[in-house]
Protein chains: 2
Amino acid sequence: MSRTAPAGTPLGDGFHVFDTTLRDGAQREGITYSVTDKLAVARLLDGIGVGFIEGGWPGALPKDTEFFARAAAGELELKHAALVAFGSTRKAGVNVEDDQQVRALLDSKAPVVTLVAKSDRRHIERALRTDVDENCAMVADTVRYLVAQGRRVFVDAEHFFDGYAYDPECSLRVLQAAGEAGADVVVLCDTNGGQLPVQLGQTVTEVMARTGLRVGIHCQDDTSCAVANTIAAVQAGATHVQCTANGYGERAGNADLFAVIGNLVTKLGMPVVPADSVAELTRVSHALAEIANIAPDTHQAYVGASAFAHKAGLHASAIKVDPDLYNHIDPVTVGNGMRVLVTEMAGRASLELKGRELGLDLAGRPDAVGNAVQKVKDLEARGWSFEAADASLELLLRNELSELDEPPFTLESYRVLLDHRQDGAIVSEATVKVHVGGERVIATAEGNGPVHALDAALRQALRPHLSWMDSVELADYKVRILTDHPGTDAITRVLVESTDGEHEWTTVGVHNNIVEASWLALCDALAHKAMRVRALA
Amino acid sequence: MSRTAPAGTPLGDGFHVFDTTLRDGAQREGITYSVTDKLAVARLLDGIGVGFIEGGWPGALPKDTEFFARAAAGELELKHAALVAFGSTRKAGVNVEDDQQVRALLDSKAPVVTLVAKSDRRHIERALRTDVDENCAMVADTVRYLVAQGRRVFVDAEHFFDGYAYDPECSLRVLQAAGEAGADVVVLCDTNGGQLPVQLGQTVTEVMARTGLRVGIHCQDDTSCAVANTIAAVQAGATHVQCTANGYGERAGNADLFAVIGNLVTKLGMPVVPADSVAELTRVSHALAEIANIAPDTHQAYVGASAFAHKAGLHASAIKVDPDLYNHIDPVTVGNGMRVLVTEMAGRASLELKGRELGLDLAGRPDAVGNAVQKVKDLEARGWSFEAADASLELLLRNELSELDEPPFTLESYRVLLDHRQDGAIVSEATVKVHVGGERVIATAEGNGPVHALDAALRQALRPHLSWMDSVELADYKVRILTDHPGTDAITRVLVESTDGEHEWTTVGVHNNIVEASWLALCDALAHKAMRVRALA
């Protein structure tokens, strides 16, 4: 059996960063992890040095059973974290040895087990339909049995805060039963998420004083206070925090792992993960969003793309002087970066700063900057947005500076044909007519959808003339319907992220026709690559 | 001049819910309000009974100047809120009477003014390039001048918490200068958003004791604690909270108005808005997201579509018995509702509960439910999601129960032609061949884009046969690219929200061809309407 405590983390077993993305996080509406996803998530979390990774509920969910089997078979080697299986205590009136779910926990081979226990008398009586004595016996029997089998056991006291407010003695008895039977940590869970930090901190202090047990905290975000509640609990003495990546979880979600780590490390000076992990938080947060297939929250604290983005014209000029006066931490600490947004509010100062970021010398070109500001304003009024499309903005700026050569190609026309045939087959075919390298080229290609076909036809036309054509790949393709004009005739904004294996760049296209919007973004993507190729030549 | 205090709110002038969506919220990346938008936002906010609406910065932003002009001209009649203009103090070394920006505040005719004042010595010296004496004189002069002109004045002490930690005496002097000159509230701003609730609460207590002034709070969400910090400040004695709708704001955003109101009303028992407003929070939150052109955060506390959505199979069965054990408040309180999500994790119990929600009797039909569960699982594995598409799910369930009649029409084939012509014109044209009412119908129509054209052709084909056809409109159309398969050949999920003026329903379609995915969702939308028409007949 492998490790039961964190390894290589500065505070060792003294403070637990316990991640439950794969169990409680998977309850989020919209998340469906495959087993391969789960293994990838666990590796990323281990990479930033969390102490525990709760992998799921073996025996209850087939995918989770398989996850633990594949982990035990060697597919998951953890450097820092101990692997945790989640499960419930034995059923009422059943011997613990005979309980199938408890058996599944042992079979999972996970060295650490988190048992969920009811700790609210109403839940014991109304949902579990048993009494407090039997509930405590269920907790104690199961903890004792698993400990005897060599497992380290934590107990999640479900609905603890509501239960403690309703009948404190009952809730404390459940904790005591767990502690006496050998549980290492009792985790106070705000399962319904209704707590606020001041009261929650007081309860944690009180519970620790009355039980003498090691206390953990598990918060849901229903009051928008999950992170604050977690931090308040730590300040009250909790030494085990249960979080999920990006706050994924049921309803409003859980305490966000990245904000909790960010706060503990940068605000409270607690080195809860290895020092070199902190700068990985942004990258890992985004990678985990990708695996969950959820667009990253651009406004997420610490790790969001906008977390250090400044829009205000007021600030933009002052930021040039003293960036550290306008950020609560140096964004680089958490692997993020400062950005200045180009918008109508920011005006000239932001655009100049942006130009500097892009390596353009705008200082002596007030007219060009003025024209660029005007152009950006006009386009934004029509639904364009350059905030995420640096490459398109750079093309626009360089164009105003007359720094651009001829575009790599010009379009004469394109046509896309999309057939849903009588036999059910669906075919997309595109023809482009372009001028490239002094020639007129016509090319036709098929694709899965209209944009795919158009992209394929364009590549076919350009390939003989542009040697770098095949190095450029589409990394991501995002569509946003601008709901100013509801219905299918709405304006469509397309963001295309391209990569040549070395760089990534994003371009934008806007049109009320989604195919044309995509075409504009694709053209910018290739124009940007061509510009860089020429600059290097 | 109009009102300077909240009207018709239970706590009157004793507690201020101060909304700054139109000023600080507009700093959020991606938000661009038109003047008409701003007027609509203000009306919605007034409708839920906030006490103050900060409309913008007249004189600095032309749109804001126009907003105040149109408001003063009678386009904005506020029932509850007082209108506030935001601006800065006079410039260093300038007479207050001669300061253009101060003049613009008076010209705005807003009865209340919020002045932003530097309260961090580093900002005074390094960004403002003046000294503490002159800074305090700037604050005092401007407050006194505006008060003399009949305005009520609040002072936003910018960067207060960082400044207070660095040089408390300097920060307190700024507050005192504001208070002595006649400011009614000094607002402590966590401008960089780096605070945590416990410390912030202590600082508020300390500042109130040392100054004796009425204190407000303005929090940014950079530690993911803006809501918690706001609540902690209120618990420490602050009686004025500055928030933005949905937490919109620069970087990680501001304290979310809806979570703050939800917490104050339901957790702390403070009736900070009129009693009948609380049930409007969800509707208004979503309406404000629409105006901001930002997809509502489904996981937002209190008002998110998922805020009371339960996915866990474990819970789903218990929720049937006792819903109030699983929600921190009754969702109806804030105008939200409980939902049970149908997913692989929830299984049979959830689907049965969902069936009950839809008015289907599934109890005696275990086979049909089993088949439906299997079908949902298979489709979800291929990228479908029924969590937001109740109408498609209902069709699937009724189909398994053999309760559906023939579909209203069947497709033979369709063809979409999309031309970007040499003259730059872009034309989309669709032809559908369908069987409806025993006839084969062929129809062709044009549209702005491929889906619009297809929708138009289908309507044209069906109109003579389905009398209700024209009552059905598309209310919203959402596209999500599933990034399992990056690039333009990714799988596309389309959600279509339809309305017949009376009901709204959502359907889903998934395909690697965006047009076919849209087609599937459109067909479900019409099939659902046909089903309801038959049920009523």
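The following refers to the structure shown. Computed from a predicted model, the values in this text were never measured in an experiment.

## Thoughts on the interface of chain B and chain A
Here is step 1 of the chain: With 112 residues of chain B in contact, the opposing surface of chain A contributes 113 residues.
Here is step 2 of the chain: Contact between chain B and chain A buries roughly 9600 Å² in total, counting both sides, with carbon and sulfur atoms accounting for 53%.
Here is step 3 of the chain: Put simply, chain B and chain A have four salt bridges between them.
Here is step 4 of the chain: Of the charged contacts in the structure, one is a salt bridge between Arg126 of chain A and Asp324 of chain B, with a shortest N-O distance of 3.9 Å.
Here is step 5 of the chain: Applying the counting criterion to the chain B and chain A interface returns 24 residue pairs in polar contact (both at pLDDT 80 or more).
Here is step 6 of the chain: Here the side of chain B that touches chain A gets ten residues from one element, more than from any other, and that element is strand E11 (residues 410–420) of chain B.
Here is step 7 of the chain: When grouped by side-chain class, the residues that make up the side of chain B that touches chain A number 47 nonpolar, 36 polar and 29 charged.
Here is step 8 of the chain: Here strand E11 (residues 410–420) of chain A pairs with E11 of chain B via seven bridges, running antiparallel. For Val416 of chain A, the partnering residue across the bridge sits in E11 of chain B and is Leu418 of chain B.

## Re the state of the cysteines
Here is step 1 of the chain: All chains considered together, the criterion is met by zero disulfides over all chains.
Here is step 2 of the chain: Looking at the unpaired Cys170 of chain A, the closest cysteine sulfur is the one in Cys136 of chain A, lying at 6.7 Å.

## Examining helix H10 (residues 257–267) of chain A
Residue and element names in this part refer to chain A.
Here is step 1 of the chain: Taking burial as the measure, the eleven residues of H10 include eight buried ones, the bulk of the element.
Here is step 2 of the chain: Taken together, the buried positions of H10 are occupied by Leu257, Phe258, Ala259, Val260, Ile261, Gly262, Asn263 and Leu264.
Here is step 3 of the chain: In this fold, the buried residues of H10 make contact with strand E1 (16–19), helix H1 (35–47), helix H9 (226–236), strand E8 (240–243) and helix H11 (281–292).
Here is step 4 of the chain: Where H10 begins, one side-chain oxygen reaches toward the backbone nitrogen of Phe258, 3.0 Å away; that side chain belongs to Asp256.
Here is step 5 of the chain: Looking one or two residues beyond H10, the residue adopting positive phi is Gly269, at roughly 65°.

## What to know about the relation of the copies chain B and chain A
Here is step 1 of the chain: The operation relating chain B to chain A is a screw motion whose rotation component is 180°, with 0.0 Å of axial translation and a residual RMSD of 0.1 Å. Considering both components of the superposition, the chain copies are consistent with a two-fold axis. When C-alpha positions in chain B are compared against the rotation axis, the closest is assigned to Leu417 of chain B, at 2.5 Å.
Here is step 2 of the chain: A share of 100% of interface residues in chain B that are also interface residues in chain A marks the association as one of identical surfaces.

## Here's the deal with the environment of Cys523 of chain B
Residue and element names in this part refer to chain B.
Here is step 1 of the chain: Its place among the elements puts Cys523 in helix H17 (residues 514–536).
Here is step 2 of the chain: Exposure remark for Cys523: the relative accessible area of 19% places this residue in the buried category.
Here is step 3 of the chain: Linking Cys523 and Pro407, residues 116 residues apart in sequence, is a C-alpha distance of 9.3 Å.

## Some thoughts on the pairing of strand E12 (residues 426–436) of chain B
All names here are of chain B.
Here is step 1 of the chain: Bridging between E11 and E12 involves ten bridges; their strand directions are antiparallel. Counterpart to His420 in the pairing with E12 is Ile426.
Here is step 2 of the chain: Taking the residues that link successive antiparallel strands as the turn, the E11-E12 hairpin has five residues, and the phi of Gly424 there is positive, at about 95°.
Here is step 3 of the chain: Of the pairings in the sheet, the one linking E12 to strand E13 (residues 439–447) comprises nine bridges and is antiparallel in character. Residue pairing in the sheet places Ser428 in a bridge with Gly447 of E13.
Here is step 4 of the chain: The turn joining E12 and E13, which pair antiparallel and follow one another in sequence, is formed by two residues; a positive phi near 55° is taken by Gly437.

The rules behind each value
- Residues numbered from 1 in each chain as written.
- Chains lettered and ligands numbered in written order.
- Predicted model: local features only at pLDDT ≥ 70, side-chain atom pairs only at ≥ 80, totals over all residues.
- Heavy atoms only, no water.
- Contact = heavy atoms within 4.5 Å.
- Buried area = accessible area lost by both parts, 1.4 Å probe.
- Salt bridge = Lys/Arg side-chain N within 4 Å of Asp/Glu carboxyl O.
- Polar contact = N/O pair within 3.5 Å; in protein donor to acceptor, adjacent residues only side chain to side chain.
- Helix = DSSP H or I, 4+ residues; strand = E, 2+ residues; numbered from the N terminus.
- Nonpolar A, V, L, I, M, F, W, Y, C, P; charged D, E, K, R; others polar.
- Pairing = 2+ DSSP bridges.
- Disulfide = S-S within 2.5 Å.
- Buried < 20%, exposed > 50% of the residue type's maximum accessible area, 1.4 Å probe, protein only.
- Least-squares fit on C-alpha atoms with pLDDT ≥ 70 in both.

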